[in-house]
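# Structural description and commentary
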Amino acid sequence: TKLSRLNLDHNRIEFIEQDVFRDLHELEEIYLQNNRLGKLRVNYFAGLDKLKLLMLHSNEIDFIEPGAFKGLFMISELVLSNNRLELISGEYFLGLENVKTLVLRNNFIKIIEREAFLSLLCIIIIMDVNKIRYVKERAFSDNHFVLNIDLNNQEIVHIDSLAFSNMNALVSLS
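Cut-offs used in this document
Residues numbered from 1 in each chain as written. Predicted model: local features only at pLDDT ≥ 70, side-chain atom pairs only at ≥ 80, totals over all residues. Heavy atoms only, no water. Helix = DSSP H or I, 4+ residues; strand = E, 2+ residues; numbered from the N terminus. Rg over C-alpha atoms; globule rule 2.2 N^0.38 Å. Pairing = 2+ DSSP bridges.

Of regular secondary structure, the protein possesses 0 helices and 14 strands. Listed N to C, the secondary structure of the protein is β-β-β-β-β-β-β-β-β-β-β-β-β-β in terms of helices and strands. Radius of gyration (C-alpha) of the protein: 16 Å, near the 16 Å computed for a compact globule of 174 residues. The principal-axis extents of the C-alpha atoms in the protein amount to approximately 50 × 30 × 25 Å.

A few words on the sheet that holds strand β13 (residues 158-159). In space, the 4 strands of this open sheet follow the order β7-β9-β11-β13, with parallel pairing throughout. Each having just a single partner strand, β7 (87-88) and β13 make up the two edges of the open sheet.

Taken together, the 8 strands give an open sheet; going across it, the order is β1-β2-β4-β6-β8-β10-β12-β14, and neighbouring strands pair in parallel fashion. Two strands bound the open sheet, and with one partner strand each, they are β1 (5-7) and β14 (172-173). Pairing between strand β10 (residues 124-126) and strand β12 (residues 148-150): 3 bridges, direction parallel. When the sheet's bridge partners are listed, I125 is paired in β12 with I149.

Structure, rendered in structure tokens:
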């Protein structure tokens, strides 16, 4: 099929069967926002090697299985805002090496784990309006491509040493 854009927003989708998109090789954009997705599992997005945009905001996502985004080499924008994520782990983003914009705005994120963003070549990370209390050591470290990180409107009480070390391109941290 030559389908390049799939819009399933504003439905009641709670679950995606593994490999459901596998034969949609030309797909470049998926809009799944405003549904009821709770978990992102491995192989939900398998075979989508041309996917550039994945809109998953305004769901009920509280868990991302490590490798859920494996094989999505072309993704440039991933939007996970307005979900129920509480923790950010580097394992969440395996396979998203080329994402340019990552939006995690308005979740329930409390902790950013060590090396949470290490595998990303992100330019912009938007995480405002969360409940972040702790930014662990090396949470953002060694990411040489991030220009902008937005951490406004949090509950930060502690930032470990070296949380932002070796971020040579960082221009704005707010």
